[in-house]
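Listed below are the residues making up each chain.
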Amino acid sequence: MKRYEIKHLLKEDVSALIGTEINVKGWVRTKRGNKNVAFIALNDGSIIHNIQVVADPVQFEEQLRRITTGACISVDGTLVSSQGSGQAVEVQAKTIEVYGEASPETYPLQKKGHSMEFLREIGHLRLRTNTFGAVMRMRHNMAYAIHTFFHERGFFYFHTPLITASDCEGAGEMFQVTTLPLNNLPKKEDGSVDYEQDFFGKQTALTVSGQLEGELGATSLGKIYTFGPTFRAENSNTPRHLAEFWMIEPEMAFYDLDSLTALEEEFIKYCVQWALDHCMDDLEFLNKMIDPNLIERLRGVTATNFVRLPYTEGIKILEEAVNNGHKFEFPVSWGVDLASEHERFLVEEHFKRPVIMVDYPKEIKAFYMKQNADGRTVQGTDVLFPQIGEIIGGSVREENYDKLLAAIDERNIPMKDMWWYLDTRKYGTCPHAGFGLGFERLMLFVTGMANIRDVIPFPRTPKTAEF
Ligand code: 4AD
Ligand code: MG
């Protein structure tokens, strides 16, 4: 019997199949009925909606006893126009095979709603809930949208290494990669670890960003983007930080601050519009169950212009707010790194739309950002979003060899691992720019989920690496 995915049966024109025999397979969401008829709501993951299977309780007595929420079954039956409301077609069962039972005594996903905290403890099963199904289908769609966006604009997908010897962000938040025996480390005469005996012959770690290698791609291929996992050993237990997250990092030769921020804005709007165009079933579910303003907020972002706001002006607005009695947990003054409460104030209360903040004090930004003529600021950009705070971080890159070298020196970054990066400025240097979008921050925005642990299949955070 030919198997049809439930999405096909509910979304395509299947009038020619009505009255014929087909097969459906999936996991049972619910079973109900009476002594005359049994209804099984079946879901196969292809779509948020279930197909209804109608079964004769006498004929299928044995199977129906074994069929409970979570069981996996295969049904051969006649596709018929549905009598009930809510779905166009249903399946009248002729044969039912039970692939796998799910004992109601122990199967943790029963009909009732579960808390997100509880679902994290059963991360191996939570994917079978409607919410996580919706989030994961949208995650796929967003990844596809991102590749499409860049491909259509002539960017090349460029693969940068996960194991590296350089700390791009200079924050010292790297997970070391080693094959040295931790209980018996080889030491040099001065007592320090002898990394020459390590696998790569030097100290290495998981990358915090593909940008430095991405710049090598952009200064040869013109426009590239990376899309891969990124690792940060920062001990931040917040709803917006993961130790392993995915980042998209485009890097473009001959872009300046204006073309950079224009691309940032166009890119996010494209992704959000894609969600509205391709994920409406899942969005409607999330809008109903998770966040009643979700769809409205997504439409709002695609329709507004993002504010361009110099850091110095942003600080003035925040200081004014403090003078007018607004209470922030962290102090505000020129030079501070903005906390997410400050970013959200600007976006949610002051401007009421996304803000691209530019021209940050050089002390709070990474070494590679282009230095402005004022000697105090650099051409960094952060895109700040409602609910999320920072969703993108990027900059124009310092292309002047001497200025870049000075910035590296000032921060005491070890030069020995940077020679290849500096060569881009030594040979045929060019103005260029790029940014990094945190994929899970985008996922938070488009799904309305509140915690970043719930928009990645298997989150990695301090003290958790289960599943
Ligand atoms: O601002 P960040 O640190 O910038 C960079 O890594 C640059 N090298 C990017 C570039 O210019 N090519 O990180 C970029 C984005 C942030 O705006 C945020 O969305 C996300 O990555 N991000 C995280 N997402 C989840 N968990 C974390 N711990 C994150 N740290 C950063
Ligand atoms: Mg940043």
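Residues numbered from 1 in each chain as written. Chains lettered and ligands numbered in written order. Predicted model: local features only at pLDDT ≥ 70, side-chain atom pairs only at ≥ 80, totals over all residues. Heavy atoms only, no water.

### Points about the packing of aromatic side chains
(1) Moving on: A complete count under the given rule lists 21 aromatic pairs for this structure.
(2) Moving on: Between Phe 150 and Tyr 225, the ring centres sit 4.6 Å apart and the planes meet at 20°, which makes this aromatic pair stacked. In this pair, Phe 150 is assigned in helix 4 (residues 130–152) and Tyr 225 in strand 10 (residues 223–231), connecting sequence segments 75 residues apart. Each of the two residues, Phe 150 as well as Tyr 225, counts as buried.
(3) Moving on: Taken together, a centroid distance of 6.3 Å and an interplanar angle of 80° make the contact between Trp 420 and Tyr 421 edge-to-face.
(4) Moving on: Of the aromatic side chains, those joined through ring pairs into one cluster are Tyr 144, Phe 149, Phe 150, Phe 155, Tyr 157, Tyr 225, Phe 267, Tyr 270, Trp 274 and Phe 435.
(5) Moving on: Positioned above the aromatic ring of Tyr 270 is the side chain of Arg 153, whose terminal nitrogen or guanidinium carbon lies 5.2 Å from the ring centre. (Phe/Tyr/Trp six-rings, centres within 6.5 Å; stacked < 30°, edge-to-face > 60°. Helix = DSSP H or I, 4+ residues; strand = E, 2+ residues; numbered from the N terminus. Buried < 20%, exposed > 50% of the residue type's maximum accessible area, 1.4 Å probe, protein only. Lys NZ or Arg CZ within 6 Å of the ring centre and 35° of its normal.)

### A word on the side chain of Glu 440
(1) Moving on: Mapping Glu 440 onto the fold places it in helix 13 (residues 439–447).
(2) Moving on: At a separation of 2.9 Å, a polar atom in the side chain of Glu 440 contacts the side chain of Arg 139.
(3) Moving on: Contacts of Glu 440, omitting those with residues within four sequence positions, involve Arg 139, Leu 242, Phe 245, Trp 246, Ile 452, Val 455 and Ile 456. (Polar contact = N/O pair within 3.5 Å; in protein donor to acceptor, adjacent residues only side chain to side chain. Contact = heavy atoms within 4.5 Å.)

### Side note on the layout of surface pockets
(1) Moving on: Counted as a void, the largest pocket has a volume near 1200 Å³.
(2) Moving on: Going through the elements one at a time, strand 11 (244–253), helix 10 (340–351), strand 15 (389–396), strand 16 (432–438) and helix 13 are the ones with two or more residues in the lining of the largest pocket.
(3) Moving on: Sorting elements by how many residues they give to the lining of the largest pocket places strand 15 first, with six residues.
(4) Moving on: Class assignment for the residues of the lining of the largest pocket results in 20 nonpolar, 14 polar and 16 charged. (1 Å grid on protein atoms, 1.4 Å probe; cavity = no way out; pocket = protein on both sides within 12 Å on 5 of 7 lines; lining within 4 Å. Points joined across faces, edges and corners; volume = space filled by probe spheres on them. Nonpolar A, V, L, I, M, F, W, Y, C, P; charged D, E, K, R; others polar.)

### Here we look at the site of ligand 1
(1) Moving on: As a structural note, the neighbourhood of ligand 1 is formed by 25 residues, with Glu 169, Gln 211, Arg 232, Glu 249 and Glu 390 the closest of them.
(2) Moving on: The contact in question runs from an oxygen atom of ligand 1 to an N or O atom on the side chain of Arg 397, over 2.9 Å.
(3) Moving on: Relative to its unbound accessible area of 630 Å², ligand 1 is 94% covered by the protein chains.
(4) Moving on: Among the cavities detected, the one that contains ligand 1 is the largest pocket.
(5) Moving on: Of all the secondary structure elements, the ones that give two or more residues to the shell around ligand 1 are strand 11, strand 15 and strand 16. (Near = heavy atom within 4 Å. Areas by Shrake-Rupley, 256 points an atom, 1.4 Å probe, with all protein chains shown as cover. Sits in = over half its atoms within 2 Å of the grid points.)

### Re the pairing of strand 5 (residues 89–100)
(1) Moving on: In terms of strand pairing, strand 3 (residues 51–55) meets strand 5 through three bridges, oriented parallel. Along strand 5, the bridge assignment pairs Gln 52 with Glu 90.
(2) Moving on: As paired elements, strand 4 (residues 72–81) and strand 5 share 10 bridges and run antiparallel to each other. Its bridge partner being in strand 5, Gly 77 is matched across the sheet by Ala 93. (Pairing = 2+ DSSP bridges.)

### Thoughts on the environment of Lys 352
(1) Moving on: Relative to the assigned elements, Lys 352 resides in the loop between helix 10 and strand 13 (355–361).
(2) Moving on: Here Lys 352 falls in the exposed class, since its relative accessible area comes to 62%.
(3) Moving on: Spatially, the C-alpha atom of Lys 352 lies 8.0 Å from that of Pro 386, the residues being 34 residues apart in sequence.
(4) Moving on: Looking at Lys 352, its side chain comes within polar contact range of the main-chain oxygen of Glu 349, at 3.0 Å.

### Some words on the pattern of salt bridges
(1) Moving on: For the coordinates displayed, the defined rule picks out 21 salt bridges.
(2) Moving on: Note that Arg 66 is salt-bridged to Glu 62, the shortest N-O span being 3.6 Å. Of this pair, Arg 66 and Glu 62 are both found in helix 2 (residues 61–66), four residues apart, which corresponds to roughly one turn of the helix.
(3) Moving on: Overall, the relative accessible area of 39% leaves Glu 62 in the partly exposed class.
(4) Moving on: With its nearest N and O atoms 3.3 Å apart, the salt bridge here joins Asp 382 to Lys 365. One end of the pair, Asp 382, is in strand 14 (residues 377–385); the other, Lys 365, is in the loop between strand 13 and strand 14, and 17 residues separate them in sequence. The pair formed by Asp 382 and Lys 365 is uniform in burial state, with each residue classed as buried.
(5) Moving on: Where salt bridges share partners, they join Glu 215, Glu 251, Arg 397 and Arg 425 into one cluster. (Salt bridge = Lys/Arg side-chain N within 4 Å of Asp/Glu carboxyl O.)

### Here's the deal with the state of the cysteines
(1) Moving on: In total, this model carries zero disulfides according to the counting rule given.
(2) Moving on: Free of any disulfide, Cys 271 has its nearest neighbouring cysteine sulfur in Cys 279, separated by 11 Å. (Disulfide = S-S within 2.5 Å.)

### Details of the pairing of strand 15
(1) Moving on: Most of strand 15 is tucked away: six of the eight residues are buried.
(2) Moving on: Of the pairings in the sheet, the one linking strand 14 to strand 15 comprises six bridges and is antiparallel in character. When the bridges of strand 15 are listed, Asp 382 appears paired with Gly 393.
(3) Moving on: As defined by bridge partners, strand 15 adjoins strand 16 across five bridges and the pair is classed as antiparallel. The residue of strand 16 that forms the bridge with Gly 393 is Gly 436.

### Some remarks on the side chain of Thr 381
(1) Moving on: Within the fold, Thr 381 resides in strand 14.
(2) Moving on: We classify Thr 381 as buried; its relative accessible area is 0%.
(3) Moving on: A polar contact is formed between the side chain of Thr 381 and the side chain of Glu 264, at a distance of 2.7 Å.
(4) Moving on: Not counting chain neighbours up to four residues away, the residues in contact with Thr 381 comprise Leu 257, Leu 260, Thr 261, Glu 264, Ile 356, Met 357, Val 358, Tyr 360, Ile 392, Gly 393, Gly 394 and Ser 395.

### Things to note about the sheet that holds strand 6 (residues 156–157)
(1) Moving on: Here eight strands make up an open sheet; going across it, the order is 6-10-11-16-15-14-13-12 and the pairing mixed. Strands with a single pairing partner mark the edges of an open sheet, and in this sheet they are strand 6 and strand 12 (307–310).

### Re the environment of Ala 205
(1) Moving on: Tracing the backbone shows Ala 205 in strand 9 (residues 204–206).
(2) Moving on: Among the residues examined, Ala 205 registers a relative accessible area of 8% and is labelled buried.
(3) Moving on: Sequence separation between Ala 205 and Gln 176 is 29 residues; the distance between their C-alpha atoms is 4.1 Å.

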